[in-house]
Amino acid sequence: MSATQRRTAGSGPVPVETDVPGRLDRLPWSPWHWRILIGLGTVWILDGLEVTVVGNLAARLAEPGSGIAISTAQVTTVAAALYVAGACCGALFFGWLTDRLGRKKLFMITLAVYLAATAVTALSWTAWFFFLCRFFTGFGIGGEYAAINSAIDELIPARLRGRIDLIVNGSFWIGAALGAFASIALLNTSLFATDVGWRLAFGIGVVLGLVILLVRRHVPESPRWLFTHGRGEQAEEIVAEAERIVERETGKPLPPVDEPPIKIRERGPIGFVTIARTLVTTYPRRTVLGLSLFIGQSFLYNSVTFGYAAILTGFFDVPAGRTGYYFAVIAVGNFLGPLLLGHLFDSVGRRPMIAGTYIGSGVLLFVTAWLFQRGSLDATTMTACWTAVLFLASAGASAAYLTVSEIFPLETRAMCIAFFYAVGTAAGGISGPLLFNGLVSSGEVGDASLAFCIGAGLMAAAGLVEAAIGVKAERRSLESIAAPLSQVPEPAVKG
């Protein structure tokens, strides 16, 4: 049909028939999609930059003359945990608002919160103020995870959703590499004074964030969110404009819409009871799956990210100013995982690829722990082992965000992403850095090996859960994976 909106008779709010999902999914990849990808996906670069810069600057912040009274342990444990705690709180708060107020409003607000908190962090003069700033920086970043993943999955064609989502989430490691190289220069006291370099480091995130904010102004609201909130005409306008732009940019007529239209009845805001019922009663297996994937990857990544420098300096005598070189190598490996393996999540399938990357990274980390325990590794070979482990783990971890963003109904999508991120991160992201750094700081090889084994065990266990109950979501529309709560079921055919 030429018009995507057709009103039908019925009691209560009048159902609206729409083919918006099918029209979005059949669009060929074009510069229109690139603008969305750049405007929304680049935020993970900020997160990687934040985490890596702070990890590399920990020793410098604790030095006399840094301008702030704080210890290395406080930076790598308390500040790290508060950053993650802020991200958990921000994800839940902004995730709830994202489902109610829309994707675009929130991904502008959350970025503004991040920018303000990061800028103020550079002015810190004491530990408590630094902790407060780290909490609110995480608060903004956590909100970004919910708003951005929702918007990207609802705008990207189904056949490409897996690889694009993995690359977006994997771009965290581009920021990590930038942070590693930046810290090398900023820690050089011949270039920057002890109390200046670390302050400038936070300015990098502010500048990059401002650029992203300017690009993001031109990203449209999710048409899928619009038509479930009684704004079908606006959804139609956005999709029609996208179709005109894509046809003009590609010079080819669009293919026909293969998916049948769906019928939506507008409903009020979704409450927490409805969300809880959706998770626990309607999709209990998917809830177990999401929690398993998030806890496994969060524990591994937060513990390694916040503790890698301590291992290099404490066990291999690497100078604090040179740890950035090693981490840059790890960061490149992490980004190459989603980049090179991402297309397989759309072709081979979600279940075999997610299970394989989780279990594979767990096995490799067990081997790394064994070699480390035996004393067979040095700084270079340890970095090579980490790179191999995280090449697989990065693809799997990125797929965790993809999974929870596509296996639950549209009306609860942002809140579900926020819930799994918050619970998984609270379990692995807060306890991970505290436990991992506690074990590493003991100076005992056996304690550090135990930390590796815990992370490896959780990753492998999550992979087994995926193998058992994973959802076949590749190349399927979001509405076919989980019907919107507002969708009107078709009447059964009698005969």
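For the structure, check the block above.
Keep in mind that what you see is a predicted model, and the values were worked out from it rather than measured.

**Some details on the overall build of the chain**
For the chain, the count of helices and strands is 20 helices and three strands. With the principal axes as the frame, the chain shows a C-alpha extent of 75 × 45 × 45 Å. When each of the 495 residues of the chain is scored for burial, the buried share is 59%. A sequence separation of at least 24 residues applies to 84% of the contacts in the chain between residues at least 6 apart. Of the accessible surface of the chain, which amounts to about 18400 Å², a share of 67% is contributed by carbon and sulfur atoms. A distance of 4 Å separates the average location of the 37 positive side-chain charges in the chain from that of its 34 negative side-chain charges.

**Observations concerning unusual backbone geometry**
Its identity is not glycine, yet Asp-317 carries a phi of approximately 55°, on the positive side. For Asp-317, the location among the structural elements is in the loop between helix H13 (284-316) and helix H14 (323-341).

**Some words on the packing of aromatic side chains**
Overall, the coordinates contain 24 aromatic pairs when judged by the stated rule. A network of ring pairs unites the aromatic residues Phe-93, Phe-94, Phe-135, Phe-136 and Phe-139 as a single cluster.

**Some points on helix H11 (residues 232-250)**
With 19 residues, H11 should cover 27 Å at 1.5 Å per step; its first-to-last C-alpha distance of 27 Å lies within 8% of that length. Residues of H11 that are buried include every one of Gly-232, Ala-235, Glu-236, Ile-238, Val-239, Ala-240, Ala-242, Glu-243, Ile-245 and Val-246, and no others. Buried residues along H11 sit in contact with helix H1 (20-25), helix H2 (31-41) and helix H10 (223-227).

**Points about the nonpolar core**
Counting residues in hydrophobic clusters, the biggest one holds 125 residues, and the most contacted among them are Phe-316 and Phe-452. Ranked by the residues each element gives to this core, the list is headed by helix H17 (residues 379-406), at 14 residues. Look past the residues within four positions of Phe-452 in its chain and what remains in contact with it is Ile-311, Leu-365, Ala-369, Phe-372, Met-382, Trp-386 and Phe-436. Counting residues in each nonpolar core, the second largest holds 20 residues, with Ala-58, Ile-68, Ala-182 and Trp-198 among its members.

**Regarding the pattern of salt bridges**
With the rule as written, the count across this model stands at 17 salt bridges. The partner of Glu-249 in a salt bridge is Arg-35, with the nearest N and O atoms 3.3 Å apart. Separated by 214 residues along the polypeptide, Glu-249 in helix H11 and Arg-35 in helix H2 bring together distant segments of the chain. Residue classification places Glu-249 among the partly exposed positions, given a relative accessible area of 31%. Judged by its relative accessible area of 42%, Arg-35 is partly exposed. Residue Arg-163 is joined to Asp-346 by a salt bridge in which the shortest nitrogen-to-oxygen separation is 3.2 Å. Taken together, the residues Arg-163 in helix H7 (residues 161-170) and Asp-346 in helix H15 (residues 344-347) connect sequence positions 183 residues apart.

The rules behind the values
- Residues numbered from 1 in each chain as written.
- Predicted model: local features only at pLDDT ≥ 70, side-chain atom pairs only at ≥ 80, totals over all residues.
- Heavy atoms only, no water.
- Helix = DSSP H or I, 4+ residues; strand = E, 2+ residues; numbered from the N terminus.
- Buried < 20%, exposed > 50% of the residue type's maximum accessible area, 1.4 Å probe, protein only.
- Contact = heavy atoms within 4.5 Å.
- Areas by Shrake-Rupley, 256 points an atom, 1.4 Å probe, with all protein chains shown as cover.
- Lys, Arg positive; Asp, Glu negative; His and termini not counted.
- Charge placed at Lys NZ, Arg CZ, Asp CG, Glu CD.
- Phe/Tyr/Trp six-rings, centres within 6.5 Å; stacked < 30°, edge-to-face > 60°.
- Expected span 1.5 Å × (residues − 1).
- Core = buried A, V, L, I, M, F, W, Y, C linked by side-chain atoms within 4.5 Å.
- Salt bridge = Lys/Arg side-chain N within 4 Å of Asp/Glu carboxyl O.

Structural measurements only, silent on function.
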